[in-house]
Amino acid sequence: MQVVATGVELRELLMEYGGVAGRRVLVPTMGALHHGHLELVKRAREAAGPAGSVVVSIFVNPIQFDRSDDLEAYPRPMASDLEQCRAAGVDVVFAPDAGAMYFSDRSVTVSESLLSRGLCGAARPGHFDGVCTVVLKLFLLSGCHAAVFGEKDFQQLAVIRRMVRDLDVPVEILACPTVRESDGLAMSSRNARLTDKQRADAPRIHRALTDAMKLGGVADILAAARAGIEASPLARIDYLELVDAETLQPVTTLTRPAVLAAAVFYGDVRLIDHVAVK
Ligand code: PAF
């Protein structure tokens, strides 16, 4: 496995690596890798095939954070991340620092203006501009043919698919189902920052969403999910919404596939989860 820290090094390495014949598949991450990320790597390996290569990027992207305390607190266990990548058979890790990714006077941003407006976009202004900008840069730097994302961040996935569609980006977007702990908590790098008490309580998010979606009307679903989460004094809802699965706009009736989505704070740790409502 090779580890590079600049775009120039990455390009040079990939020119040699597997030539131009192999399919190159990128797994963009912010590090603090867990089993969910390893599932993305597995999917990337399948998609790359024996002649192809798997590139994992590890970059805590400062321009997608709306709070500096959140950026500073984001875990960065680089040695263990590299070890996990090596064990998972990753070919190349791209681990730049912010200086290698952004000019200090950068003035171009990629901005999606519809799907990114609500949910996490409303709660974290500028977040999806930061995501789109870094993801497009990672696509260009790696010259990847395909890239793998987790369905846990379903709004991110929808926004990236839209960016790829609207800008004719020649990268196939592959998605992997959310990976959960045995108690139902969606795996996330942020889970490591929960106290023992918060960690024990956090599976209630998924439980509340799953139980609520069995009900009939929109108001009942939202009320039941809210009650299930707010039954804990540790949990504070950032948003709880029922949105159309395609447009991500809030729904008032259930005539089309929808998604019940929540962001919940435990202390200063913000967790997101969602369930599909058929
Ligand atoms: O999902 C993430 O970890 C990040 O948003 C991504 C896609 C790596 C961009 O920084």
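Note that the coordinates shown come from a computational prediction; the quantities given were computed from them, not determined experimentally.

(A) Layout of the pairing of strand β6 (residues 172-176). Taken together, the five bridges between strand β5 (residues 146-150) and β6 define a ladder with parallel strand orientation. When the bridges of β6 are listed, Ala146 appears paired with Glu172. In this fold, β5 hands off to helix α8 (residues 154-166), which returns the chain to β6; that crossover is right-handed.

(B) The site of the ligand, seen in detail. Residues in close proximity to the ligand include Pro28, Thr29, Met30, Asn61, Gln64, Val134, Phe149, Asp153 and Gln156, which together make up its full environment. Within the side chain of Gln64, a nitrogen or oxygen atom sits 2.6 Å from an oxygen atom of the ligand. Gln156 is positioned with one of its side-chain polar atoms (N or O) 2.7 Å from an oxygen atom of the ligand. For the ligand, whose accessible area on its own is 290 Å², the fraction buried by protein is 89%. Class assignment of the residues belonging to the shell around the ligand gives a composition of four nonpolar, four polar and one charged.

(C) Local environment of the environment of Val60. Inspection of the secondary structure puts Val60 in the loop between β3 (53-58) and α3 (68-73). Residue classification places Val60 among the buried positions, given a relative accessible area of 14%. C-alpha separation for the pair Val60 and Ala32, spaced 28 residues apart in sequence, amounts to 9.6 Å. Excluding anything up to four places from it in sequence, Val60 contacts Met30, Phe65, Leu71, Tyr74 and Arg76.

(D) Main features of the side chain of His37. Inspection of the secondary structure puts His37 in helix α2 (residues 35-48). Excluding residues that lie within four positions of it along the chain, His37 makes contacts with Thr29, Gly31, Ala32 and Ser189.

(E) Here's a closer look at the pattern of salt bridges. Evaluation of the coordinates by the stated rule reveals 21 salt bridges. Residue Lys42 is joined to Glu39 by a salt bridge in which the shortest nitrogen-to-oxygen separation is 3.8 Å. On the criterion of helical spacing, the pair formed by Lys42 and Glu39 is a turn pair, its members being three residues apart in helix α2. Accessibility expressed as a relative area gives 48% for Lys42, which makes it partly exposed. In this structure, Arg256 and Glu246 form a salt bridge, with 3.9 Å as the shortest nitrogen-oxygen distance. With a gap of ten residues between them, Arg256 in the loop between β7 (235-244) and β8 (258-266) and Glu246 in the loop between β7 and β8 connect regions that are remote in the sequence. Within this structure, Asp66, Asp70, Arg124, Arg190, Arg193 and Asp268 form a network of salt bridges that share partners.

(F) The arrangement of unusual backbone geometry in detail. Of note in this structure, Ala32 is not a glycine but carries a positive phi near 50 degrees. Among the structural elements, Ala32 can be located in the loop between β2 (24-29) and α2. Located in the positive-phi region is Leu119, a residue other than glycine, with phi close to 45 degrees. By the secondary structure assignment, Leu119 is in helix α6 (residues 119-123). By relative accessible area, Leu119 is classed as buried at 3%.

(G) Focus on helix α10 (residues 204-212). Buried within α10 we find Arg204, Ile205, His206, Ala208, Leu209 and Ala212. Lining the buried residues of α10 we find α9 (196-201), α11 (218-230), β7, β8 and β9 (269-277).

(H) Spatial organisation of the packing of α10 against α11. Closest axis-to-axis distance for the α10/α11 pair is 8 Å, and the angle between their directions is 155 degrees. By the angle between their directions, the pair α10 and α11 is classed as roughly antiparallel. In this structure, α10 crosses over α11, and the sense of that crossing is right-handed. For the pair formed by α10 and α11, the contact residues are Arg204, Ile205, Ala208, Leu209 and Ala212 on the first element and Ile221, Ala224, Ala225, Gly228 and Ile229 on the second. Taken together, the residues of the contact of α10 with α11 sort by class into eight nonpolar, one polar and one charged.

(I) Structural detail: the environment of Leu260. Mapped onto the elements, Leu260 comes out in strand β8. Considered as a pair, Leu260 and Thr29 are 231 residues apart in the sequence and their alpha carbons are 25 Å apart.

(J) Up close: the packing of aromatic side chains. Applying the stated rule across the entire model yields three aromatic pairs. Pairing Phe139 with Phe149 gives two aromatic rings, centres 6.4 Å apart and planes at 70 degrees, and the pair type is edge-to-face. Of this pair, Phe139 sits in helix α7 (residues 127-142) while Phe149 sits in strand β5, and the two are ten residues apart along the sequence. Its guanidinium or amino end placed over the ring of Tyr102, Arg106 lies 5.2 Å from that ring's centre, counting from NZ or CZ. Sitting over the face of the ring of Phe65, Arg124 holds its NZ or CZ atom 5.9 Å from the ring centroid.

Conventions we followed
- Residues numbered from 1 in each chain as written.
- Predicted model: local features only at pLDDT ≥ 70, side-chain atom pairs only at ≥ 80, totals over all residues.
- Heavy atoms only, no water.
- Pairing = 2+ DSSP bridges.
- Helix = DSSP H or I, 4+ residues; strand = E, 2+ residues; numbered from the N terminus.
- Right-handed = clockwise from strand over helix to strand, strands pointing away.
- Near = heavy atom within 4 Å.
- Polar contact = N/O pair within 3.5 Å; in protein donor to acceptor, adjacent residues only side chain to side chain.
- Areas by Shrake-Rupley, 256 points an atom, 1.4 Å probe, with all protein chains shown as cover.
- Nonpolar A, V, L, I, M, F, W, Y, C, P; charged D, E, K, R; others polar.
- Buried < 20%, exposed > 50% of the residue type's maximum accessible area, 1.4 Å probe, protein only.
- Contact = heavy atoms within 4.5 Å.
- Salt bridge = Lys/Arg side-chain N within 4 Å of Asp/Glu carboxyl O.
- Axes fitted to C-alpha atoms, helices over the stretch in contact; angles between N-to-C directions.
- Parallel < 35°, antiparallel > 145°, perpendicular 65-115°, else oblique.
- Left-handed = near helix turned anticlockwise from the far one by under 90°.
- Phe/Tyr/Trp six-rings, centres within 6.5 Å; stacked < 30°, edge-to-face > 60°.
- Lys NZ or Arg CZ within 6 Å of the ring centre and 35° of its normal.

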